[in-house]
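# Overview (structure and organization)
Spelled out from the first residue to the last, the chains are:
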Amino acid sequence: MNETINTINSLYTTHGNFSTQDVKEEDMQTILKTCVRAANASARQSYSIVVIRDRERIRQLCGYTGSKALLFCVDYNRIMDVSNHLGHDYKASGIADFITGSTDTILAAQTAAICARSLGIDSLFTNGIQRGDINRIYDLVQLPEKGCFPLIMLVLGYADKEPTYLKGRYRGKGLIHDEQYQRCTERDLQNLIAEYDDPSKKMGMIQDWEKHGFTHYLDWFFEKWIGKGERPEKSQMLSLLERSGFLDW
Ligand SMILES: Cc1cc2nc3c(=O)[nH]c(=O)nc-3n(C[C@H](O)[C@H](O)[C@H](O)COP(=O)(O)O)c2cc1C
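A quick note: this is a predicted structure, and the numbers were derived from the prediction, not measured.

## Details of the side chain of Ser83
Here Ser83 is to be found in helix H4 (residues 77-85). For Ser83, the side chain forms a polar contact with the main-chain nitrogen of Tyr90, separated by 2.9 Å.

## Thoughts on the sheet that holds strand S4 (residues 148-157)
Taken together, the four strands give an open sheet; going across it, the order is S1-S2-S4-S3, and neighbouring strands pair in antiparallel fashion. Of all strands in the sheet, those bounded by a partner on one side alone are strand S1 (47-52) and strand S3 (122-126). The mean inter-strand angle of the sheet, taken between neighbouring strand axes irrespective of direction, is 20°. Packed on one face of the sheet, helix H2 (residues 25-35) meets S1, strand S2 (68-75) and S4 and runs near 20° to S2. Running over the sheet, helix H5 (residues 95-118) touches S1, S2, S3 and S4 and is turned about 5° from S4.

## Things to note about the packing of aromatic side chains
Taken as a whole and judged by the stated rule, the model has 10 aromatic pairs. Centroid distance Tyr196 to Tyr217: 5.8 Å. Interplanar angle 5°. Geometry classified as stacked. In this pair, Tyr196 sits in helix H7 (residues 186-197) while Tyr217 sits in helix H8 (residues 217-225), placing the two residues 21 residues apart along the sequence. For Tyr217, a relative accessible area of 3% gives the class buried. A ring pair is formed by Phe221 and Phe222, whose centres lie 5.1 Å apart and whose planes are at 80°; its orientation type is edge-to-face. Of the residues examined, Phe222 reaches a relative accessible area of 52% and is grouped as exposed. In textbook terms, an aromatic cluster arises when at least three aromatic residues are bridged by ring pairs, as seen for Tyr170, Tyr196, Trp209, Tyr217, Trp220, Phe221, Phe222 and Trp225. When the ring centre of Tyr165 is taken as origin, the NZ or CZ atom of Lys202, which lies over that ring, is 5.2 Å away. Geometry around Tyr138 places Arg243 over its ring, the cationic atom sitting 4.8 Å from the centre.

## Let's talk about unusual backbone geometry
With phi around 50°, Ala43 is a residue other than glycine that occupies positive phi space. Here Ala43 shows up in the loop between H2 and S1. Of the residues examined, Ala43 reaches a relative accessible area of 66% and is grouped as exposed. Of note, Lys202 is a non-glycine position whose phi angle comes to about 50°, a positive value. Residue position: Lys202 is located in the loop between H7 and H8. Residue classification places Lys202 among the partly exposed residues on the basis of a relative accessible area of 25%.

## What about the state of the cysteines?
Applying the stated rule across the entire model yields zero disulfides. The thiol of Cys62 is unpaired, and the distance to the nearest cysteine sulfur, on Cys73, comes to 13 Å. Cys148 takes part in no disulfide bond, and the closest cysteine sulfur to it belongs to Cys73, at a distance of 4.6 Å. Here Cys148 falls in the buried class, since its relative accessible area comes to 1%.

## Remarks on the pattern of salt bridges
Applying the stated rule across the entire model yields five salt bridges. Notably, a salt bridge pairs Glu56 with Arg59, separated by 2.5 Å at the nearest N-O pair. Of this pair, Glu56 and Arg59 are both found in helix H3 (residues 55-62), three residues apart, which corresponds to roughly one turn of the helix. For Glu56, a relative accessible area of 36% puts it in the partly exposed group. Arg117 is the partner of Asp122 in a salt bridge, and the nearest nitrogen-oxygen pair spans 2.9 Å. Accessibility expressed as a relative area gives 14% for Arg117, which makes it buried.

The rules behind the values
Residues numbered from 1 in each chain as written. Predicted model: local features only at pLDDT ≥ 70, side-chain atom pairs only at ≥ 80, totals over all residues. Heavy atoms only, no water. Helix = DSSP H or I, 4+ residues; strand = E, 2+ residues; numbered from the N terminus. Polar contact = N/O pair within 3.5 Å; in protein donor to acceptor, adjacent residues only side chain to side chain. Pairing = 2+ DSSP bridges. Axes fitted to C-alpha atoms, helices over the stretch in contact; angles between N-to-C directions. Contact = heavy atoms within 4.5 Å. Phe/Tyr/Trp six-rings, centres within 6.5 Å; stacked < 30°, edge-to-face > 60°. Buried < 20%, exposed > 50% of the residue type's maximum accessible area, 1.4 Å probe, protein only. Lys NZ or Arg CZ within 6 Å of the ring centre and 35° of its normal. Disulfide = S-S within 2.5 Å. Salt bridge = Lys/Arg side-chain N within 4 Å of Asp/Glu carboxyl O.

Below, the structure is given as structure tokens:
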């Protein structure tokens with residue numbers, strides 16, 4: 001294994017238990033310069049990154065806190081502004097631009113997480129920015145309403161303790177397909193369920209689902225974690241996407 005593969009294989013999430021140790025500005029600059037190396041459609045980098053250095057502001061934005069945070073937004077404003085400046089009339093809108101912009105954004109975000117790990121910096125991806133009133137994100141960091149959507153936040157810092165294990169990953173049937181897509185058979189599904197139940201694989205979000213009265217981890221997952229209730233943010237998300245122009249055709 002080379003160093004890059006070792007770094008990727010050692011990625012893990014710090015679930016908010018960051019210590020008071022700060023990430024150095026020099027390391028932040030390295031992460032920022034490096035993450036934008038990610039591939040991006042039409043070489044236009046349809047995203048913006050807002051750097052947050054204040055712990056309380058990080059908490060207000062995503063509900064967690066850490067030393068620093070990077071807010072990754074799908075964003076076409078810089079590109080539209082330069083187009084207008086040159087007298088062109090490029091306008092990004094519609095779901096295709098949103099999907100392409102989201103892809104650019106997430107590639108840069110994951111590259112930042114890998115870069116951070118390689119520097120010994122712990123991280124947390126959170127969609128906490130989309131919990132509660134999503135408009136607070138637009139207000140707190142002054143995002144433009146049109147052509148911009150806050151997609152994911154990466155909190156950076158140093159965990160107060162190392163994780164005791166790395167979470168496993170499913171790599172079996174239904175995930176990796178050979179040449180042609182194949183739906184899982186009943187047997188594949190049973191194997192998948194058993195894999196999540198195998199304590200040595202540490203696949204799920206919790207390890208003690210039996211104590212909660214569930215036969216399988218995935219029973220806990222579907223009944224307790226995903227739940228049956230509608231999240232109120234869903235309708236707000238839709239109206240913000242409408243406002244952004246990303247739902248225009
Ligand atoms: C879109 C997204 C949102 C996430 N949101 C949260 C979150 O709000 N809180 C949290 O503790 N972890 C969050 N995570 C981290 C996942 O829980 C974590 O990646 C997963 O459990 C696998 O664990 P690992 O990264 O340690 O391998 C999020 C990850 C992603 C990709």
